[in-house]
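Structural description and commentary
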Amino acid sequence: MNKKSVAVVMGGYSDEYVVSLKSGQLIYDSLDRNLYDVYKVVVLKDEWYFLGENDKKYAINKGDFSVTLENDEVLKFDVCFNIIHGTPGENGILQAYWDAIGQKYTGCDFYQSALTFNKKDTLAVLSKYGIPSAKSIYLRKGENINIDQIVEELGLPLFVKPNQSGSSLGISKVKEKSELIAATEVAFKEDNEILIESFLNGMEVSVGVIDFKGETIVLGITEIVPQNEFFDYEAKYEGASEEITPARIDEETTKKVEEIAKRAYNSLGMSGFSRSEYILMDGIPYMLEMNTNPGFSPASILPQQARHYGISIMDLCGNEVEKALNK
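Because the structure is predicted, anything quoted here is derived from the model rather than measured. (Residues numbered from 1 in each chain as written. Predicted model: local features only at pLDDT ≥ 70, side-chain atom pairs only at ≥ 80, totals over all residues. Heavy atoms only, no water.)

**A short note on the sheet that holds strand 2 (residues 36-43)**
On the basis of which strands lie adjacent, the open sheet formed by 7 strands has the order 6-5-4-3-2-1-7 and mixed pairing. Of all the strands in the sheet, the pair left with one neighbour each is strand 6 (74-75) and strand 7 (79-82). With 2 bridges joining them, strand 5 (residues 66-68) and strand 6 adopt antiparallel strand pairing. Along strand 6, the bridge assignment pairs Val67 with Leu75. Strands in contact with helix 1 (residues 17-30) are strand 1 (4-11), strand 2 and strand 7; relative to strand 1, the strand with the most contacts, it is inclined by about 160°. Running over the sheet, helix 2 (residues 93-101) touches strand 1, strand 3 (48-51), strand 4 (57-61) and strand 7 and is turned about 175° from strand 7. (Pairing = 2+ DSSP bridges. Helix = DSSP H or I, 4+ residues; strand = E, 2+ residues; numbered from the N terminus. Contact = heavy atoms within 4.5 Å. Axes fitted to C-alpha atoms, helices over the stretch in contact; angles between N-to-C directions.)

**Digging into unusual backbone geometry**
Here the residue pair Thr87 and Pro88 is connected by a cis peptide bond, since its omega of 0° sits within 30 degrees of zero. Tracing the backbone through its elements, the reader meets Pro88 in the loop between strand 7 and helix 2. Following Thr245, the chain continues to Pro246 via a peptide bond in cis, the omega torsion being -5°. Its identity is not glycine, yet Asn54 carries a phi of approximately 55°, on the positive side. Looking at the element boundaries, Asn54 is found in the loop between strand 3 and strand 4. Although it is not a glycine, Phe65 sits at a positive phi angle of roughly 55°. Within the fold, Phe65 resides in the loop between strand 4 and strand 5.

**Considering the packing of helix 3 (residues 110-117) against helix 4 (residues 119-127)**
For any two helices packed against each other, the geometry comes down to the angle between their axes and how far apart the axes lie. The contact between helix 3 and helix 4 brings their axes to 5 Å, and the two run at 105°. Here helix 4 runs roughly perpendicular to helix 3, going by the angle between their axes. Of helix 4, the residues touching helix 3 (which contributes Leu115, Thr116 and Phe117) are Lys119, Asp121, Thr122 and Val125. Grouping the constituent residues of the contact of helix 3 with helix 4 by class yields 3 nonpolar, 2 polar and 2 charged. (Parallel < 35°, antiparallel > 145°, perpendicular 65-115°, else oblique. Nonpolar A, V, L, I, M, F, W, Y, C, P; charged D, E, K, R; others polar.)

**Overview of the environment of Ala187**
Within the fold, Ala187 resides in helix 6 (residues 180-188). The sequence separation of Ala187 and Pro162 amounts to 25 residues, and the corresponding C-alpha distance is 4.9 Å. Dropping the residues within four chain positions of it, Ala187 is found in contact with Val160, Lys161, Pro162, Gly170 and Ile194.

Okay, structure coming up:
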């Protein structure tokens, strides 16, 4: 049998590249070597390279995403397994490039990636499908910030977050009016657009949704119990939170969350891994955001949910490759 060649593409241009390298390693280790020849490709701002024997680097030819090895052997990949968090792998840039050169890849298309990376636009689209979210105010860098009006409209506490950023970078919880300007400055360091959202006082849950063997399934609902004020970078990646799968919610609420999470996934025309964050308030799930390339290191939520659901990481990753091959 002719094995297909799979490049696990990791890295990225943002601070999330560290997490992406861990995610990429798990996928690299998990893909079935009886079916695939598996390779590592790292995409960074300064260089794109193939990692060969003894971690020797070979430059990627951006004309067709191939690599020239020793003896002028050219390696082309049947599929790129995209596990870049943040730009350029989670906001559509890499997908649009791969589409242009005819390279197959896992996950959703460039449009879905670009849309879901933009929190404001995602929530606006999903509101048309009856999916609720927090009240919010959208600001561009340089626009006038009317503190009194914002607080009057949204109340305190409130959240200030970059519109397009991952891993909870640049998010602040504002409890006093006097903290608002400083919080906007932190968010504007990550993005030129920010969202200021009303505080939803409830349980945060993280919901993994994938299309597996032709069916949209909810892998699991994980309850997030942060030790910090909210589920920030430290809580996500440095162990400062408790993650409970399945979440401690009743059957009726579970069904409601599963239904809304599936509706959000299907309404956006999603494919591949996704992890959405919701706040449950009075039994209603309010959507915060959707991640289309969520963390996939051994400690990450999605692999935990897959294990709990009963799908092995090998099968989960293999399913993605097969879908990409048959696109």
